[in-house]
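Reading the structure
Here's the letter readout for the chains.
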Amino acid sequence: MNSPVELSTSTSVRRAVIAAMLAGAACHAGAGERSPATAPAAASRVAALHAFARLYGVVRWFHPSDAAAVIDWDRFAIDGARRVAAADGRALRTTLTELIAPFAPTVQIAAAGESVAADPALHPPGANGLELVAWEHEGYGDSTLISAYASKRRHRPRTVAVPGETFASLWQAVDAAPYRGARIRLRGKLRTANHALGRLWLRVDRGDQRGFFDNMREHPTAGASWQPAEITGTVDADATRIVLGTIMSGGGTVWYDDLELAAEGPGGTWRAIELKDPGFEGKDLQASWSPGTGKAAGGSLAGWNATLDHAGPASGEASLRVEPATRVLSDELFADAPAPGEIADVDLGGGLHARVPLALYSRDGRTIGDDPALARRSQATPPAAPPAGFDSIAGVADVIVVWNALQHFWPYWSVVAVDWNAELDRALGDALDDRSVTDHLATLRRLSAAAPDGHASTTCPGDTPHVRPPFVVDSVEGQIIVTATADQAVARGDVIVSVDGHPVAEQLAADQALISGSPQWRLAQALEHLGAGPSGSTLVLRVRRDGAEPDVAVVRGSPPPRELSHPAIERLDDGVYYVDLERAATPEINAVMDRLAAAPGVVFDLREYPSSSPEVLSHLASQEIDFTQGMSIPLLIRPDHGPNAAPTWETSPTLLPPLQPHIAGRVAFVTGPRAISYAESLMALVEHHRLGAIVGSPTAGTNGNVAEISEPTGCRTRFTALRVARYDGAPQHLVGIRPTIPATRTIAGVATGRDEVLDKALAYVRTPPK
């Protein structure tokens, strides 16, 4: 379930529990303009790197040698890209062969049409009784998010994370009343190991609403030495609690120490706010720090180890150490496997092909034909020191890893037509020209946007965090209209003409180029983050108001207001109920279920990501319903996604029984383009089983559990790794759930503060059925 702490999480446990789909925390568009490239990347360098990229992905994820299993693949991506980029293009075949020889000697690089002698390692005498080793992937098993996905080699155990919570969070809270209107600051010291990313989180609660929030997802820390981390925000005028804590959602290990919460006083001085055991010196961790997010549903650290570590704290005698719990995966994932001697013929471009064995025989516990000791020696010396400043070749390595993960594991290639090889060349050229983390982040976001997926998002250490401006806009009747504001310089109903001197239409188009997904999702995300920038910076707008077009300035940093016309659960004058499934938790809904069942009508608001369980739909159903119908995990044993390498699909039903009391009145669900993932799972049930009218506009068109790619530089890219189709088998990806009663806003309605989409849903439930 999505939480106020983790903007993008997956909570499924393989074949076991209800798959609570992830909300795509879409990459915000304010990544900045690309710095001018010094020169176009040479076509020959791009072609050589293209060949290395194609070879890299197939060997890493589908060549099963024991020697390849000991390679540091992040280091190999950087070292290989650096060597290939610097090599004479005429020697490409030799360079590629030398690169992979220490760990993949049975892989052969050949010219088109060239015959290659059979390798005796692939067909050893007396093969009967030998183990056949081959990769099997149940989705993207290298995900740094704990998920339903798993990868291993046949006849080879693999250590993997224990299924459990998809993030580990510890928290505590303080009363917000003394600090209303003040700036607050959370600081701490963090260090990481094994490609982990360190993060803190800080949230301001306003009753059942959320005010300021930052979980450092856009600006994590990484490094073997202690690094400072800081979050600064503002306490809302109606704030009730300040909640803070530690968070980890990937692999590796993170240590936390010396947390400090402070409020800014007169003259800009900061005064510490008392916390319980901020330095983790107590003997009982959970006496001061609670697991979860600080919401009513509670939380746990299932699948994680959170302990006090007395080795090398930042200060004092201990620090907090957090890492995933692990288990050994011994059983094979599924029965299908490549045939003995099966080869993948990979077109590297330029007339070169790689012939990559997909299955190798093993004798005496080692795959025949390779030597793990030689592979280790190939990386025994320290890596070459990177150049000063931004390392564009390391950025190229990120592109290679991301492109291959999507090439082999994204489950929607049969639905979406993309010239993915051309996108690789474009991204390699962009990466070679990148001169900063901002440039690089934009390159990775453009690459993931080319494979449209509303869950796609990329974050990189060292990026400058951006915050939204203190107002909300929407596209209404072809205009970009302010619909709510926390800054008096901007008024509800203002038409945005330009943003920092850029015409608003041009700015939106530029922002959408870095956002992945359906047209409706990309526009919704671009609108949400229009004008985003560094906290404390000034945004200049030109607005149209009362026939004039004044320039106005606002300061980024204060959270934008929510457009709320009703409490989370409200009984209206005529007995009709309104229930906001984003704000109303399951226990709160269950507490009024008898009244909902007896009401003449109920409107459920599903325009945002819900915090409640699918149990509410069981009170609308007259029969058992399958929550995971149409959801399939790809089972992969071959690279690429062509007709000869298509995956098989694994499904697992999750049945929801009908529950009493049954909601008997007329029911409508309000939805729109910000309803993504788990929200679309609920809407798909509503649509298929006709549990109520659907009022509004199409949903985001992205569903399925998310996986996360860890890249050599520490960047992380998320994507959908589970295929979801409509219940009748038709594509749902990029289409979404369509309304049965279309409804949109008007400029006049915005000006008067009306929620016209909700009004239409209320009108429906108040109309007696014919």
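Up top is the structure these notes are about.
Per chain, residues are indexed from 1 in the order of the written sequence. Under the rules for a predicted model, residues below a pLDDT of 70 receive no local features and side-chain atom pairs below 80 are neither given nor counted, while totals for whole chains, interfaces and linings still include all residues. Hydrogens and waters are ignored; side-chain quantities use all the structure's heavy atoms.

What follows is about empty space enclosed by the protein. Put plainly, a pocket is an open set of points on a 1 Å grid over the protein atoms alone with protein on both sides within 12 Å along at least five of seven lines, a cavity is a set where a 1.4 Å probe fits but cannot get out, and a lining residue has an atom within 4 Å of a point. Grid points are joined across faces, edges and corners, and a volume is the space filled by probe spheres set on the points. Scanning the model with the defined rule gives 4 cavities of 30 Å³ or more in all. Space inside the largest cavity adds up to approximately 110 Å³. As for the largest cavity, its lining consists of 13 residues, of which Leu197, Arg199, Ser249, Glu708 and Arg716 are closest to the centre. Tallied by class, residues from the lining of the largest cavity come to 4 nonpolar, 4 polar and 5 charged. Side-chain classes are defined by residue name, with Ala, Val, Leu, Ile, Met, Phe, Trp, Tyr, Cys and Pro counting as nonpolar, Asp, Glu, Lys and Arg as charged, and the others, Gly among them, as polar.

Paired rings are identified among Phe, Tyr and Trp, the last through its six-membered ring, by centres lying within 6.5 Å, and are further divided according to the angle between planes into stacked (under 30 degrees), edge-to-face (over 60) and tilted (the rest). The final tally for this structure, using the stated rule, is 21 aromatic pairs. Here the aromatic rings of Phe52 and Phe76 are separated by 5.6 Å at their centres, their planes lie at 55°, and the arrangement is tilted. Here Phe52, found in helix H1 (residues 43–62), pairs with Phe76, found in helix H2 (residues 73–86); they are 24 residues apart in sequence, far enough to count as distant. Both residues of the pair, Phe52 and Phe76, belong to the buried class. Between the aromatic rings of Trp410 and Trp413, the centroid separation amounts to 4.9 Å while the plane-to-plane angle is 80°, which identifies the pairing as edge-to-face. Aromatic rings pair up to connect Phe52, Tyr56, Trp61, Phe62, Trp73, Phe76, Phe103, Tyr140, Phe409 and Phe719 into one cluster. Positioned over the ring face of Trp255 is Arg191, at 3.9 Å from the centre of the ring. Sitting over the face of the ring of Trp649, Arg723 holds its NZ or CZ atom 3.7 Å from the ring centroid. Helix and strand assignments follow DSSP, with helices taken as H or I runs no shorter than four residues and strands as E runs no shorter than two, numbered in order from the N terminus. Three exposure classes are used, based on accessible area relative to the maximum for each residue type with a 1.4 Å probe and protein chains only: buried under 20%, partly exposed in between, and exposed over 50%. Sitting over a ring, as applied to charges here, requires NZ of Lys or CZ of Arg to be within 6 Å of the ring centre and within 35 degrees of the ring normal.

Now for the sheet that holds strand S9 (residues 209–214). In this scheme, strands are said to pair when DSSP sees at least two bridges between them. Spatially, S9-S8-S11-S6-S14 is the arrangement adopted by the 5 strands of the open sheet, whose pairing is antiparallel. Strands at the two margins of the open sheet, each flanked by one partner only, are S9 and strand S14 (290–291). Of the pairings in the sheet, the one linking strand S8 (residues 199–206) to S9 comprises 4 bridges and is antiparallel in character. Directly across from Leu202, in S9, lies its bridge partner Asp214.

Moving on, we come to the environment of Pro411. Structurally, the position occupied by Pro411 is in the loop between helix H5 (392–409) and helix H6 (420–433). Relative accessible area serves as the criterion here: at 5%, Pro411 is assigned to the buried category. Taking the C-alpha atoms as reference points, Pro411 and Pro220, separated by 191 residues in sequence, lie 28 Å from one another. By definition in these notes, contact holds between two residues if any of their heavy atoms fall within 4.5 Å. Once you skip the residues sitting within four places of it in the chain, Pro411 turns out to touch Pro634, Trp649, Thr720, Ala721, Leu722 and Arg723.

A few words on the layout of surface pockets. There is about 1,400 Å³ of room inside the second largest pocket. Lining the second largest pocket are 48 residues, and of these Gly141, Asp142, Ser143, Arg158 and Thr159 sit closest to its centre. Contributions of two or more residues to the lining of the second largest pocket are made by H1, H2, strand S4 (150–153), strand S5 (158–161), strand S16 (319–324) and strand S17 (326–329). Class assignment of the residues belonging to the lining of the second largest pocket gives a composition of 21 nonpolar, 16 polar and 11 charged.

Keep in mind these values describe shape, not function.
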